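Each chain, letter by letter, is given below.
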Protein chains: 2
Amino acid sequence: MKSHIKTLPASVYLDHIQLTDGFWNQKQTLIRNRTIPAIYHQLDKTGRLASWDLNPDRQEPKRHKVIEMFWDSDTGKWLEAVGYSLHTHPDAELEKLADELISRMVKAQQPDGYLNTYFTVLEKDMRWGNLRDFHELYNAGHLIEGAVAYYKATGKRDVLDLLARYADLINERYGPNEGQERGYPGHPEIEMALVKLYEATGEERYLDLAKFFVDERGQQEPHFFDQEAIRRGEDPDDYWAQTYRYCQSHAPLREQTEPTGHAVRAMYLYAAVTDLAHETGDESLAQVAKTLWQDLVAHQMYLTGGLGPARANEGFTFEYDLPNETGYTETCAAIALVFWAHRMFHLDPDGRYIDVLERSLYNSVLSGISQQGDEYFYSNPLSSYPNVDPHDHFSGITSAEYYRRKEWLLCPCCPPNLARLVSSIGSYFYSTQDDNRIYVHLYNTGTADIPLGEKSVKIDQTANYPWDGDVRLSVSVDAATSFELALRIPGWCRNYSVSLNGEAYDGQPEAGYIVISREWQSGDTIALTLDMPVERIGANPHIREDAGQVALQRGPLVYCLEEVDNGPQLANIVLKADAALEATVDEDLFGGVPVIKGKAVRIEPSTWPGGLYQPQSLVDYKRSEIQLKAIPYYLWANREPGEMRVWIRED
Amino acid sequence: MKSHIKTLPASVYLDHIQLTDGFWNQKQTLIRNRTIPAIYHQLDKTGRLASWDLNPDRQEPKRHKVIEMFWDSDTGKWLEAVGYSLHTHPDAELEKLADELISRMVKAQQPDGYLNTYFTVLEKDMRWGNLRDFHELYNAGHLIEGAVAYYKATGKRDVLDLLARYADLINERYGPNEGQERGYPGHPEIEMALVKLYEATGEERYLDLAKFFVDERGQQEPHFFDQEAIRRGEDPDDYWAQTYRYCQSHAPLREQTEPTGHAVRAMYLYAAVTDLAHETGDESLAQVAKTLWQDLVAHQMYLTGGLGPARANEGFTFEYDLPNETGYTETCAAIALVFWAHRMFHLDPDGRYIDVLERSLYNSVLSGISQQGDEYFYSNPLSSYPNVDPHDHFSGITSAEYYRRKEWLLCPCCPPNLARLVSSIGSYFYSTQDDNRIYVHLYNTGTADIPLGEKSVKIDQTANYPWDGDVRLSVSVDAATSFELALRIPGWCRNYSVSLNGEAYDGQPEAGYIVISREWQSGDTIALTLDMPVERIGANPHIREDAGQVALQRGPLVYCLEEVDNGPQLANIVLKADAALEATVDEDLFGGVPVIKGKAVRIEPSTWPGGLYQPQSLVDYKRSEIQLKAIPYYLWANREPGEMRVWIRED
């Protein structure tokens, strides 16, 4: 570690944290008991596991070349989720399953270190032939991340060594030196992974390779992907995605100022940029990350933290373009935003990054997985109208997967991504800085043993977050110890109180955190109360899709209307500007969830004269008072299928 | 002609009509002077004319196989437009140009009668190989329509004979008999053309072939397009459009009850179905046409008469799915709806068909062409937000052609389609029935010599329609003659008056027409006054995209807001429910056009606290009174680029 890093915080890894009860304990239990086994079952059923035996007969019912190229990444993410889960919940049987898989992976490695089942078996000639489209380095990255997580959980080096050998082969091939190729991945991912591999092994060459990939991006003239295409005998102008903005290589990375193209690629890249700025102290790189971030949150993010309005490029379009019903907002993009936001905090310690992390996590991320833990959304629009003829998949608008989660997806990047994020959520709770400060970012019931320099600080949290804003923390130390405890005051919270050992504590937040500096003793307790009223949220007046509408939020949770509670034609429901809105727990909803209720009107013709359009003067519009009921957005589509809507008309 | 036809009306062909002044005269002048030459220039420049010399080197700067397959159809439509134009405005130079082209076409015909430049030169092996996708019969259809129009205008048989020989080859190959192939076109068009060829030649075999194509559609098991695909060595499941609903062959035609798939294909098919029901008296076929029509107008048509919300299939999705900004609404689909509506009237004489014809014609059709006559829209959405990075064509939303007309289109089906419709608009003005009735459908200044049995009736019209609703008609006959004159009272008109020779005429409309039955004398005059107030139009409460919004219409014209008149962020403009709206002529707008003005408010924050979302309680929303100005929708995008919006929020 370089010296400047001392001034930046570092996150506390999940092996120091146990989430013992409440929201995240439930989610982690679900992931452990339902999601990880369900994904393993799918990896097996679809041939992904068998592919490690380098069997060429790995056709699914129908070959999808483009999908099979990504198969290895699914294994990598599953292994990563398993690693995190074993940390907090050792499970010999699960570990055995993973070990068996790893032994198959070890046998699949080629003599030179190469490790990719698709190009080893099915398209040998295309090895390293198309970094732009073929996800070869992306697969490597996910395998590396899986290996690091599994190694850190179990201490078993075989999988780490396996991937280090592969990383060495990649490092030999790509780089700035004579005889090396100046390539970089079309789908960034390996950059973050290489930083993790560097941290796990201490080998600086992996960090340098990540730097190379980032710095080389969009540099060459002619463009590297053009050179590659010509080598393949293709016309570079035939690039299916039409623009290198799609893969963020339209300009050198350091000249880029706004998120663009495929949202997951963008987030993975910017997260790696942030990692590298953090690790190397490169101020200009840090500035690039901050500029990109600022543009994202100022212009291109949904209220739910979802990213990427467009299906065509699975990504960004232009500022303030945030359509609700057609919003693509891939689950993986929201997950990747969590990754990036977390890294941004550690580069630039400020609670506003964690505000975005929370926004994405509690809304667009969790929307991706069913309450049962075994069905998934790829896309998380803010409005859904499911009246689609299921026989017309070429309707041009949508298919069932837009309003019902599925047990598996043709491109199943999201399910194991959800599993690895939720399994590792402990790592997002605390950070330390200068051996003198502990940041508390997230609130939930659990315990943490936090190393702070030579000392160790134990923090017990009790919180029913996000359902209410009462948080209790108690500190245990071996001996009285001076340090700063920085409690995050979420951006959504406008009234809060802090008490220390029963007495009110007055302090203004610094960059989103109340910092309590004192000599701590075991038994010190803090009560933090975050007022959590129902908020009506208005959108920036440039977002044309949300004009005249309001969204409901309580705490970090964005709410939505569903047809099952409010009837069909949600577009005809109008919230009165002065109507009281109350949160009350609905005991019948998923074991008891606060819902928002209030008076609204439904404006509809008493009778419609027929046809599609009528002079208004011929129509008698009736305003019927109704009781509106909103549920947390992430819970939508867990009951009867029907319409859903986040933005509600307001009069 | 079969006897039953006597009970159905027939349209009066354009050779009996001259539009001498006013709206349509101006449009036809524009088409003659600007559009037809501009299209010829493009046909020449892109190699379409040279392709008739069977030169294999007909690459545009970049080959677009899929587009080049349709080249012949562009020639066909141009020739058709020329034919119509020569009828009303003889032009020796233009005729010479057409004759030269025809002589090249004649040389291109193969010994067996085959006439398709693409498959003759570039993909010989694929002749008749893919009716599903390759538009071979579609090209034939457009050439036939062009030949018939040119023949009727000039009496020159060479082009008619040329296409009749080709039709004979097609008729030999396709049919129900032993040794024939039971195929039909993926893109309907030839069916309508064959009916015209039958009418021009009197040869019943062309009518029978059209019937065969219609009746065979979706009949076979396995599906004909599956059989074809297998013959090509393809897996039918790989069909790129995913469903035969795309090309209306998912079920036998007579079992289809709702418009589906690609909108232009659907309209051309249903128009042919209506032709055949009219020609053959097939009652069940007539019922199919009526059922499809009823579903279209009840569930799937935009206020502008635009059809097909989805870009993916260039067509229909599901009922009430009529998004504005992403609406595809191809110009050709609106044109094809005019064709179908016109035919529906003659099958089932009722003014409601002409109401739809007018709605489409004055709005979605004319939106397709610039005021200068040489730039075209492919797509005619009801809302446009042009703030797109022009470098990001893969934004997933839109490209410049969505908000600026272009002088030519990669797939230029629309420009010559506009030219042929406007050139032939005279044919849509009058119909006769039972040698005893003259229908007047459309109003504009011009003269008509209408054959009615043995007699001839001359009608002089004076009308400044659609700008005002005052229409004067005078009748001239050789001798006093009894017949019925049926004057259409448009569906949009709720107050009107008729006077005959200066005296009020009282009569209730029958199926949308005031029928004046009398013995007419030369000099009889009729004054029809159609009140044309500004109407606020409301949408069916199932159309979620239009909820809480209103559209403005005056006469047949739908109006829209443009940024150049109303400033940006049109979504923030709210029309007051009780605001007076007035039409006044704006003399500076395209030589003087009635615009709609009224008071509205712009609701925007006095200052926005920053970011994308804010608690409403932190925002001070200001309501500024503004003067709203709406212009006819079809005129949009003829001034400075900017936002456009048909549906306006209303409080």
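Reading guide: rules and limits
- Residues numbered from 1 in each chain as written.
- Chains lettered and ligands numbered in written order.
- Predicted model: local features only at pLDDT ≥ 70, side-chain atom pairs only at ≥ 80, totals over all residues.
- Heavy atoms only, no water.
- Helix = DSSP H or I, 4+ residues; strand = E, 2+ residues; numbered from the N terminus.
- Rg over C-alpha atoms; globule rule 2.2 N^0.38 Å.
- Buried < 20%, exposed > 50% of the residue type's maximum accessible area, 1.4 Å probe, protein only.
- Contact = heavy atoms within 4.5 Å.
- Lys, Arg positive; Asp, Glu negative; His and termini not counted.
- Charge placed at Lys NZ, Arg CZ, Asp CG, Glu CD.
- Polar contact = N/O pair within 3.5 Å; in protein donor to acceptor, adjacent residues only side chain to side chain.
- Pairing = 2+ DSSP bridges.
- Domains from an automatic or database assignment.
- Buried area = accessible area lost by both parts, 1.4 Å probe.
- UniProt positions renumbered as here; feature names shortened; annotations may be inferred.
- Salt bridge = Lys/Arg side-chain N within 4 Å of Asp/Glu carboxyl O.
- Least-squares fit on C-alpha atoms with pLDDT ≥ 70 in both.

The helix and strand tally for chain A stands at 16 helices and 23 strands. In terms of overall dimensions, chain A is globule-like: its C-alpha atoms have a radius of gyration of 25 Å, near the 26 Å expected for 651 residues. Principal-axis analysis of the C-alpha atoms places the extent of chain A at approximately 75 × 70 × 50 Å. The 651 residues of chain A split such that 65% are buried. Long-range pairs, those at least 24 residues apart, make up 72% of the contacts in chain A with a sequence separation of at least 6. Chain A carries 62 positive and 97 negative side-chain charges, and their two centres are separated by 2 Å.

With that settled, the discussion passes to the environment of R231 of chain B. All names here are of chain B. Assignment of secondary structure puts R231 in helix α10 (residues 224-231). C-alpha of R231 to C-alpha of K629: the two residues are 398 residues apart in sequence and 59 Å apart in space. Setting aside anything within four residues of it in sequence, one finds R231 in contact with E181 and F224. Polar side-chain contacts of R231 include one of 3.2 Å to the side chain of E181.

A few words on the pairing of strand β6 (residues 446-452) of chain A. Residue and element names in this part refer to chain A. Where burial is concerned, the two faces of β6 differ: the one with G446, A448, I450 and L452 is buried and the one with T447, D449 and P451 is not. Two elements, strand β2 (residues 17-18) and β6, share two bridges in a ladder whose sense is antiparallel. By the bridge assignment, I17 is partnered in β6 with A448. As judged from the seven bridges shared by β6 and strand β7 (residues 455-463), these two strands associate in the antiparallel manner. Note that in β7 the partner of I450 across the bridge is V457. Connecting β6 to the antiparallel partner β7 that follows it, the hairpin turn spans two residues, and G453 within it adopts a positive phi of roughly 65°.

Often the size quoted for an interface is simply the accessible area lost on bringing the parts together. Residue and element names in this part refer to chain A. Partitioning chain A into structural domains gives domain 1 (22-387 + 399-428), domain 2 (430-530) and domain 3 (535-650). Averaged C-alpha coordinates put domain 1 and domain 3 at centres separated by 36 Å. On the domain 3 side, the residues contacting the 31 residues of domain 1 number 29 residues. Carbon and sulfur atoms make up 55% of the area that domain 1 and domain 3 hide from each other, which totals about 2500 Å².

Another aspect to go through is the UniProt feature "domain: Non-reducing end beta-L-arabinofuranosidase-like GH127 middle" (unreviewed entry) in chain A. The residues that UniProt annotates with the feature "domain: Non-reducing end beta-L-arabinofuranosidase-like GH127 middle" (unreviewed entry) are residues 438-532 of chain A. Span residues 438-532 of chain A is 0% helix and 61% strand, its end C-alpha atoms 25 Å apart.

Opposite the 73 residues of chain A that make contact, chain B presents 73 residues. Carbon and sulfur atoms make up 56% of the surface buried where chain A meets chain B, a total of about 5800 Å² over both sides. Counting across the interface, chain A meets chain B through two salt bridges. Salt-bridge contacts for E325 of chain A lead to R544 of chain B; the nearest nitrogen and oxygen are separated by 2.6 Å. Counting residues per element, the ones that place at least two in the side of chain A that touches chain B are α12 (283-299), β14 (534-539), β19 (593-605), β20 (613-615) and β23 (648-650) of chain A. Examining the composition of the side of chain A that touches chain B, we find that five residues originate from one element, β14 of chain A, more than from any other. In terms of strand pairing, β14 of chain A meets strand β20 (residues 613-615) of chain B through three bridges, oriented antiparallel. If you follow I537 of chain A over to β20 of chain B, its bridge partner there is P615 of chain B.

Okay, the relation of the copies chain A and chain B next. Of the transformation superimposing chain A on chain B, the axial component is 0.0 Å and the angular component is 180°, with the fit at an RMSD of 0.0 Å. Such a turn and shift between the copies fits a two-fold axis. Nearest to the rotation axis, the C-alpha of D651 of chain A is located 3.6 Å from it, this being the minimum over chain A. Take the interface residues of chain A: 100% of them recur as interface residues in chain B, which is what a same-surface contact looks like.

A word on the environment of E407 of chain B. Residue and element names in this part refer to chain B. Topologically, E407 is positioned in the loop between β3 (383-384) and α15 (414-423). A relative accessible area of 48% means that E407 is categorised as partly exposed. Between the C-alpha atoms of E407 and I369, which are 38 residues apart in sequence, the distance is 9.6 Å. Among all residues touching E407, those that are not within four sequence positions of it are Q42, K45, D374, E375 and Y376.

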